[in-house]
Amino acid sequence: MTRPKILVANRGEIAVRILRTCREMGLPSVAVYTSVDQSALHVRSADEAIFIGEPRQYLNIQAILQAAQQSGATAIHPGYGFLAENADFARAVEAAGLIFIGPRAETVARMGDKLAARRAARKAGLPVLAGTDAPLPPDLPVELIKTIQYPVLVKAAAGGGGRGIRLARSPEELPAMIEAARREAQSAFQDDTVFLESLVQSARHIEVQILGDGKGNVLCLGERECSIQRRRQKLIEEAPAPGLPDDLRRQIHEAALQLGRSLRYRSLGTVEFLLDDQGRFYFIEVNPRIQVEHPVTEMVTGLDIVQHQIALALGEPLRLRQEDIHVRGAAIEARILAEDSQAGFLPSTGEILYLKEPGGPGIRVDSALYPGMKVGAEYDSLLAKLIAWGETREHAIRRLQRALHEYQIGGLSTDIDFLLQIIESPAFLKGEVNTTYLESFSPKPPEPSPELERQLAFAAALYAHYQQSRLGQNHPNRPISYWQMVGWREQMNRL
Amino acid sequence: MTRPKILVANRGEIAVRILRTCREMGLPSVAVYTSVDQSALHVRSADEAIFIGEPRQYLNIQAILQAAQQSGATAIHPGYGFLAENADFARAVEAAGLIFIGPRAETVARMGDKLAARRAARKAGLPVLAGTDAPLPPDLPVELIKTIQYPVLVKAAAGGGGRGIRLARSPEELPAMIEAARREAQSAFQDDTVFLESLVQSARHIEVQILGDGKGNVLCLGERECSIQRRRQKLIEEAPAPGLPDDLRRQIHEAALQLGRSLRYRSLGTVEFLLDDQGRFYFIEVNPRIQVEHPVTEMVTGLDIVQHQIALALGEPLRLRQEDIHVRGAAIEARILAEDSQAGFLPSTGEILYLKEPGGPGIRVDSALYPGMKVGAEYDSLLAKLIAWGETREHAIRRLQRALHEYQIGGLSTDIDFLLQIIESPAFLKGEVNTTYLESFSPKPPEPSPELERQLAFAAALYAHYQQSRLGQNHPNRPISYWQMVGWREQMNRL
Amino acid sequence: MSLYTVEIGNRTYRVDLSPHRKTVNGEPIDTEMLLLNPNGLYLLRHHSRALELFLNSLDEGTFQMLLRGGQRIISHVATRNTRRARAGEAAQNIKSLVAPMHGLVVDVLVQEGQNVEKNQTLVVLESMKMQMQLRSPRAGKIQRVLVSPGRQVEKGSELVQFSN
Amino acid sequence: MSLYTVEIGNRTYRVDLSPHRKTVNGEPIDTEMLLLNPNGLYLLRHHSRALELFLNSLDEGTFQMLLRGGQRIISHVATRNTRRARAGEAAQNIKSLVAPMHGLVVDVLVQEGQNVEKNQTLVVLESMKMQMQLRSPRAGKIQRVLVSPGRQVEKGSELVQFSN
């Protein structure tokens, strides 16, 4: 039998994370990288790294397969994003005689079509939101527009990751929102099919992690709450969901298992639900891949779910039984983004001049950062994830707070201050938030005390003073920029 | 009631670790620092920092008490080392009206006298090693020397941390070893009292973590195995102890609890045992303080034991019951030391030029390192601790291995390569090691493959080439040394 | 030459760094700055409080200070005699729409010669998976459109010019 | 001037860095070095293998290379015409005992004029809580004792001098 060798068709923190598990499993690994990722951390976390070209090449199925062939990889882990939910990719990987570390291509295709997923969920007996079960026609009859109950969501059938979704609050808004959703869907997924789904007011986002062996055995690894979202992007996630009555928790788990069993689900997956303020829950979608927020599940269950995912894909049987899975304590994840929270959350770019990541009890850091890294605008703004575990939810929050204060990223604006404002807000502390929480959340930015501001003014003057005297004297101690060094780097490469 | 404020009378990783828990508990904190620690990480981890003078001042009781008074601290955490086992310090703290976060001074005194501790253990019904129960007289009668069974250990009554211990293999060696032990004991503890204790061959070092409320309620937080020692200094520790039969584990726990109850033990403590290859165990000593290796207990129990220690000291009741304490998985700690494993383990000094600490699933880093730090010879060589948790012992070892490979400390020689050699050795993997394991452990240093060495030769030439051309041209991109910058720093301070 | 004017928010501080006479707004200041890392990390010590501070230049005379917890303070520093033009003055006569970040132009919604209102969306920019509507900073007439869909733009580059 | 001699362990490599002709021991080498961090971290790329390498100078011509897993490789580099004196040659006539590290002198066990044997303990040094016996590197007569107990010494400083 060929010795397994895993190619990770991804970049950033998730590639690093998967490669760590490969190392721990003793499996040789292969990274792929583009022109802007030559020195990225994932390149250095693998045994081999294959160059695949310009920045968009992570989306190029042929380039990935060629890298696999070149390196002799026998299996491909897609991570999340990029090709992870692309059924053509899953099919192409298996057609090339390689193992796709994920669900069957048909499952990926079915769950990728949100309309098909709704039908599958309804068939499996899950509560599904009211909505259109077919694609919206190009021109919606005016009569129909008037009969719809508002507000209503326009959703892309091929959507995912919160993209291609618009909210229409009135019949007047609907045509424009359909148009906007179609445009975003076309640009993001090359498919402008949209449908309507009724909006659940004050909903919490609850999702269930499942793991199946493809033969009908499906395990539930507990739920996560991901209601803290900005522009439909999750920012803070936790496990378990706070304040969920035990019987409701069981019902939600059972619903996810039902769907998993009916799909004979293979590999890791997440079944997402909305929970309204009456305790009713509704299926939204299935994410047939590893998720950004999986570490909170790992921290409370003690499992390395990527390890189980890989082992299953390599043909090992499911080594866990449902009764082996226990949730201990609480875990919360905060996403560290290259977004300037003090400037309208615009993506920020720059060079990491100084980096000190947090540590100590109960802290996990999944990061792609390193000192000297240049953060560009080519990819997603997710830089790192900070996850805190505690004996209780309150304990986990305090640890997260402590560790966010320790996180120092010099040279790039991030959302760290905003994350702190959220987790210090009373509604969050009480666990009483829903997916609209951040829409109306505009905390007063913290201001330094007058005494501290006076000292900061002094510090700024001192810094300017030194800079000026250095420039004047052509001082030998001039701090060096990474990019000044590039000249040398290129010179060395030319040697 | 006065709001509690904690002064941490320590430095390095343990001060940082305690200050983290203060932050998580919402308690204001105070660090102390000496002239060489002005920019140390613990200074920056506290709300306030008080300068106490020259490097040895961490041992100065009056300086610490004055810092407490100056900052309005109400409680003092001694950490480990320095004043942690000094009964005079515990007494002075309480006499000053402050809380000593540790056992009663009388317990510290009694456990500090290893002869008194032997008596207390025997009285509590614990198995104690054969040996002298009184101090050795200045001149040992020649007759007595001949009747002793060799090899025998000469131990300092005031000893601790592996210091003041000598092994005599024959009557001829004994007088010189007594002399050597006395000299070390006098220099380290200002007390040259020594006694004899029989040596247990092929012994494992097993210790039990206890937590008592001072009223007779004592909890057992499980055991740790610390058999991997070099020159009686622990290097690698783990929880639980591998391969221990359940009934033996219970007996050892029960023995520790018995002693704790008989002392009406207050605060955290560790009862240390030797376990021989016949399954017999013997009391050695009690460490009445937090220990370097406490994180492995924290990782398997999920408890922040420093938090429980502080809460108890502040007058809260013991919130845990024995049945709340469960061990999950396995945890292993490796001590990152400033010792050059390739040069006879000489302490190494230098500047941290580059630092990348490990992360990801199951990894905890308790570190005092930061980029730009200057590691001097004034203090202990412990720089950081890397702790890995896994579902099983094997899983924890693989994670530790993966994370040790990730740990990059540029500019200073460490023991990281040696730690890897230990954990990759067959005896360690089987869990079959005793305290003499490292005496005969001399692995062949790994050598690069001929092909890699060729590339490294190329890299060295390239580096030298660039350095030469820079020196010749007075190149503006000259990498900057932290110490070159000091001139500026001093200039700014003078401003 | 050791006198500086520092603006933080809408407050102004006069800082005197003359030897033996360090004052802020005329009052002596007892604060020390210790360099921790040559790339810009400092320890700001004031009596028993030691605060980590990361400093870097954004542009000439503008510095960003990063505090624990990700808080960022922007300051403008000028020597007393060479006070720089303030951003506020420059804002009175806006000549163009500039890209607030690196990104890909997804859509251009105006044409040359067109009249636009303030806050009307002119360009849609995509960066890091997010689409952003760039709105007109003023009412006026479009003189030139400098970009088209599919074009990558740098932060600060001109996208659209207004007629005067 | 682009020809170097590199010693690693007891092996010697001739490295030619001439433009368009990079060879090691006469054979072309297809390895790239990418600077990751100005303080000395590189990525050593050879085909599909990318290895992190931290390089720093120990002294003139001596470089330490730190590999993943803490492995350290020492190399001596010389240009072909200015080959430096090797450590081995210098070791033949030892004139003094030097401190192998920073530390505190705890004990001095010899006096001036005393004859000592090779490996006899001359000085006890304490560093980082550990006492270390410094043994004589040769047999001979002690000419001068330069330190006394309680004295802090730097790495490399002379402790004891031998008569010739």
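Look above for the structure.
What counts and how
- Residues numbered from 1 in each chain as written.
- Chains lettered and ligands numbered in written order.
- Predicted model: local features only at pLDDT ≥ 70, side-chain atom pairs only at ≥ 80, totals over all residues.
- Heavy atoms only, no water.
- Pairing = 2+ DSSP bridges.
- Helix = DSSP H or I, 4+ residues; strand = E, 2+ residues; numbered from the N terminus.
- Axes fitted to C-alpha atoms, helices over the stretch in contact; angles between N-to-C directions.
- Salt bridge = Lys/Arg side-chain N within 4 Å of Asp/Glu carboxyl O.
- Buried < 20%, exposed > 50% of the residue type's maximum accessible area, 1.4 Å probe, protein only.
- Contact = heavy atoms within 4.5 Å.
- 1 Å grid on protein atoms, 1.4 Å probe; cavity = no way out; pocket = protein on both sides within 12 Å on 5 of 7 lines; lining within 4 Å.
- Points joined across faces, edges and corners; volume = space filled by probe spheres on them.

J.: In this structure, what is going on with the sheet that holds strand 6 (residues 152-160) of chain A? I would like to understand it.
T.: Consider a sheet: its strands pair through backbone hydrogen bonds, and that pairing is either parallel or antiparallel. Residues and elements named next belong to chain A. Taken in spatial order, the three strands of this open sheet run 7-6-8, and their pairing is antiparallel. Taken across any chain shown, the strands that pair with only one partner, and hence form the sheet edges, are strand 7 (163-168) and strand 8 (194-198). In this sheet, neighbouring strand axes are inclined to one another by 30 degrees on average, regardless of whether the strands run parallel or antiparallel.

J.: Teacher, can you tell me more about the pattern of salt bridges here?
T.: Between side chains of opposite charge, a pair can form as their charged atoms come close. All told, the structure shown has 99 salt bridges over all chains when counted by the stated rule. Among the ionic pairs, D366(A) bridges to R364(A), the shortest N-O distance being 2.9 Å. Just as D366(A) is buried, R364(A) falls in that class too. In this structure, D340(B) engages R72(D) in a salt bridge whose closest nitrogen and oxygen atoms are separated by 2.9 Å. Of this pair, D340(B) sits in strand 15 (residues 339-340) while R72(D) sits in strand 9 (residues 72-79), on two different chains. Since its relative accessible area comes to 16%, D340(B) is described here as buried. Given a relative accessible area of 5%, R72(D) falls into the buried group. Three or more residues joined by partner-sharing salt bridges are found here, namely R17(A), R20(A), E24(A), E298(A), D304(A), R364(A), D366(A), R399(B), R402(B) and E406(B).

J.: Honestly, the environment of I397(B) in this entry has me stumped. Any pointers?
T.: Residue and element names in this part refer to chain B. Among the secondary structure elements, I397 is positioned in helix 12 (residues 393-406). Remark: the alpha-carbon pair of I397 and A330, spanning 67 residues in sequence, is separated by 9.0 Å. Ignoring sequence-local partners within four residues, the contact set of I397 consists of I332, I423, F428 and L429.

J.: What should I look at first to understand empty space enclosed by the protein in this one?
T.: Empty space left among the atoms is revealed by rolling a probe the size of a water molecule over them. Using the criterion set out here, one finds 16 cavities of 30 Å³ or more in the structure. Looking at the largest cavity, its volume works out to about 450 Å³. Lining the largest cavity we find 25 residues, and of these M299(A), G362(A), W389(A), M299(B) and W389(B) sit closest to its centre. Broken down by secondary-structure element, the contributors of at least two residues to the lining of the largest cavity are helix 10 (294-301) and strand 19 (363-367) of chain A together with helix 10 (294-301) and strand 19 (363-367) of chain B. A total of three residues in the lining of the largest cavity trace back to one element, the largest contributor, which is helix 10 of chain A.

It is worth stressing that arrangement in space is one thing and function is another; only the former is reported here.
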